[in-house]
Amino acid sequence: MAELLGNERRTHYCGELREANIGETVCVMGWVKKARDLGSLVFVDLRDRSGIVQLAFDENTEKEVFARALELKTEYVVSATGVVRERSSKNPDIPTGNIEIFASSVRVLGESETPPFDITDDCKTNEELRLTHRYLDLRRPVLQNNIIFRAKVAKSVRDYLCDQGFIEIETPILIKSTPEGARDYLVPSRVHKGSFYALPQSPQLYKQLSMVAGFDRYFQIARCFRDEDLRADRQPEFTQIDMEMSFVDTDDVLAVGEGLIKHIFKDCMGVDIPTPLPRYTFRECMERFGSDKPDLRFGMEIVNLNDALKGCGFPVFASAIEAGGSVRAINLKGYAEKLSRKDIDKLADYAKGCGAKGLAWVKRGETDGGSFLKHMTEDELQAIYKAADCEKGDVLLILADNDNNRVLTQLGQLRVEAANRLGVERSGYNFLWVVEMPFFEYDYESGEWVAMHHPFTSPMDECLEYLDSDKGKVRAKAYDLVLNGIELSSGSIRITDPALQAKIFDLLGLSKEEAQVKFGYLLEAFRYGAPPHGGMGIGLDRLVMQMVGATSLRDVVAYPKMQNAKELMTDCPASVPAEAIAELGISIVKEDKA
Ligand code: ASP
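Reference entry: report on the structure contained in this document. Because the structure is predicted, anything quoted here is derived from the model rather than measured.

### Describing the sheet that holds strand E5 (residues 99–110)
The mixed closed barrel is built from 5 strands, whose spatial order is E1-E2-E3-E5-E4. Across the sheet, the mean angle separating the axes of adjacent strands is 50° when strand polarity is ignored. Relative to strand E2 (residues 42–48), strand E1 (residues 25–37) runs antiparallel, the two being bridged by 6 bridges. Bridge pairing in E2 places Arg36 opposite Phe43. Set on the sheet, helix H1 (residues 63–70) makes contact with E1, E2, strand E3 (51–57) and E5; between it and E5 the angle comes to about 70°.

### Topic: the environment of Met460
Looking at the secondary structure, you find Met460 in the loop between strand E19 (448–451) and strand E20 (478–483). Residues Met460 and Tyr76 lie 384 residues apart in sequence; the distance between their C-alpha atoms is 62 Å. Apart from the residues lying within four places of it in its own chain, the contact partners of Met460 are Glu436, Arg475, Ala476 and Lys477.

### A closer look at the site of the ligand
In the region of the ligand, 14 residues are neighbours, and Glu180, Gln204, Lys207, Arg226 and Arg494 sit closest. Between a nitrogen atom of the ligand and a side-chain N or O atom of Gln204, the distance comes to 2.6 Å. Considering the ligand on its own, with 270 Å² of exposed area, one finds that the protein chains cover 97% of that surface. Those elements giving two or more residues to the shell around the ligand turn out to be helix H5 (204–212), strand E21 (486–493) and strand E22 (533–539). For the shell around the ligand, the element with the highest residue contribution is E22, accounting for 3 residues. Residue composition of the shell around the ligand, by class: 1 nonpolar, 9 polar and 4 charged.

### With respect to helix H6 (residues 250–269)
Count 3.6 residues to each turn of an α-helix, and residues three or four apart come out pointing the same way. Compared with the 28 Å implied by 1.5 Å per residue over 20 residues, the 28 Å span of H6 between its first and last C-alpha is a close match. Turning to H6, its buried residues number three or more, namely Thr250, Val253, Leu254, Val256, Gly257, Glu258, Gly259, Leu260, Ile261, Ile264, Phe265 and Cys268. A side-chain oxygen of the first residue of H6 lies 3.1 Å from the backbone nitrogen of Asp251; this N-cap is Asp249. Among the residues trailing H6, Gly270 stands out with phi positive, at a value near 70°.

### Overview of the pairing of strand E13 (residues 326–332)
A regular strand carries its side chains on alternate faces of the sheet. With 7 of its 7 residues buried, E13 lies for the most part within the structure. Residues Ser326, Arg328, Ile330 and Leu332 of E13 are buried on one face, and the alternating residues Val327, Ala329 and Asn331, pointing to the opposite face, are buried as well. Here strand E12 (residues 302–304) pairs with E13 via 3 bridges, running antiparallel. Bridge pairing links Val303 to Ala329 in E13. Across 7 bridges, the pairing between E13 and strand E16 (residues 395–401) is antiparallel. When the bridges of E16 are listed, Ser326 appears paired with Asp401.

### Quick word on the pattern of salt bridges
Under the criterion given, the structure shown has 42 salt bridges. The partner of Arg288 in a salt bridge is Glu301, and the shortest N-O contact between them spans 2.8 Å. With Arg288 in helix H7 (residues 282–289) and Glu301 in the loop between H7 and E12, this residue pair connects regions lying 13 residues apart in the sequence. Residue classification places Arg288 among the partly exposed positions, given a relative accessible area of 26%. For Lys392, the salt bridge identified is with Glu366, shortest N-O distance 3.1 Å. With Lys392 in the loop between helix H11 (378–387) and E16 and Glu366 in the loop between strand E14 (360–363) and strand E15 (369–370), the pair connects residues that are 26 residues apart, well separated along the chain.

### Focus on the sheet that holds E14
Ordered in space as E12-E13-E16-E14-E15, the 5 strands form an open sheet in which the pairing is antiparallel. Looking at the sheet topology across the chains shown, the edges are occupied by E12 and E15. Examined bridge by bridge, E14 and E15 share 2 bridges and lie antiparallel to one another. By the bridge assignment for E15, Val362 is matched with Gly370.

Rules used throughout
- Residues numbered from 1 in each chain as written.
- Predicted model: local features only at pLDDT ≥ 70, side-chain atom pairs only at ≥ 80, totals over all residues.
- Heavy atoms only, no water.
- Pairing = 2+ DSSP bridges.
- Helix = DSSP H or I, 4+ residues; strand = E, 2+ residues; numbered from the N terminus.
- Axes fitted to C-alpha atoms, helices over the stretch in contact; angles between N-to-C directions.
- Contact = heavy atoms within 4.5 Å.
- Near = heavy atom within 4 Å.
- Polar contact = N/O pair within 3.5 Å; in protein donor to acceptor, adjacent residues only side chain to side chain.
- Areas by Shrake-Rupley, 256 points an atom, 1.4 Å probe, with all protein chains shown as cover.
- Nonpolar A, V, L, I, M, F, W, Y, C, P; charged D, E, K, R; others polar.
- Expected span 1.5 Å × (residues − 1).
- Buried < 20%, exposed > 50% of the residue type's maximum accessible area, 1.4 Å probe, protein only.
- Salt bridge = Lys/Arg side-chain N within 4 Å of Asp/Glu carboxyl O.

The following block contains the structure:
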């Protein structure tokens, strides 16, 4: 391995050389992507973070240099100097394709063993092997560009928020628990044996206390940690653009949030996002799309067939309506020809997988076909068609249930599945705010009401009267930002009245004593002049993923964890020496594997 020689310095990145550089003597440094030995000619593709340039060696190359070129192997680190010249056979696929460097010297700065997989964008190697050698994986241009783009987004965030008067404040990582609805990662204290720090699920309470402290506008590109059973689109640690501002209401926070989004998209992609972004209430989202994070890039909205079916004789529909539930449908407009009977059966299976009792359907054509037509009168059918705007060429998918929310959620899932199966064209960036979120959510498992956002969220003024009598009716000053069916952000206006905060803790089943132990410092702070405040946290990983069109968070996080929360490159989590554990005053209980 070599160090740089005294006068050996890079003059250009590989990917930035163009015809304008022809005739210049340049020095580039990078990794050998490919070396081709054509007998009297050697071509080497040299790669760095900016792209690729071709080095050329021919019969006019000094013998010694030519011999060294022949020794270059894939992924060797090389320094090459030479004159930029026009290529005889051009490559229109790469930005440097019109030129090459006629190398007058070449030096190996670092040799490489044969890498365990091909370092190319279309590499088919399994992800585990790639993650084990993430430093090689990250050399693949697609990942390298994602990570560089991510840095650009982070800078753009800082630029915008600093311009808007936000102050970047680092909040601690070793903290007392902040609840966001997940399990904490705990860190044992050596000095205070038996006590634990929690890693922040978010900087929530610190940012609120920063408002009490008078900073007025706070932001942080903050790492958050949530120990959840991992689903495909989660990482145990993730990054949030975290913000909080004082003397604001919902409109002010949303204005900053959408201003930020607009700025980032313009700055990093040249894309204009029209603002203000549309706002939908939670209820409207559920009624129209069966989801609190609807994908607005396509229609197929849910329609309620209750009025059309009032008094109908078909027991499946009639009983759902009688029980206070509903019969609802989505119209796959114009897809009758494309959707085979087999496809419909698959959608029916999917609906059952979502908990639906069965899928009723009708396909309109020269003659109408369907699963329930014989149970309907002609008038009822016409009423359904009218309600759902169902014409010749359309397919109607219908679900019925005694529980309205259930039928909506199932239809919402079916809507997305049908769009996926039909390959419905979805392009662009469709943002929306979901506002007036429910304050409480009933947890069927524990039989308790839990906070849908977090317990520091302010209920809407007009709902305060229902706090005791009808929790399901209480809406919150909480809002989510949704992009193309993905929840990007949530936030709220906070409670600042210590009495109301104490009441909410109480309603969430936290005794006075528990509340005091866990959040006494917050309640106390509110006694010393707390300005009205609110904020939000935007998931940076998910935002970048959408912007670059990646399909996995792992493609936009430099060193991600697998779904089982392991990081393969460093093999973590890992065991530690027994002394280190003893020093912490804790002992490990071995799981009985039997
Ligand atoms: N702390 C919240 C979260 O992480 C965001 C917010 O309310 O500002 O979801």
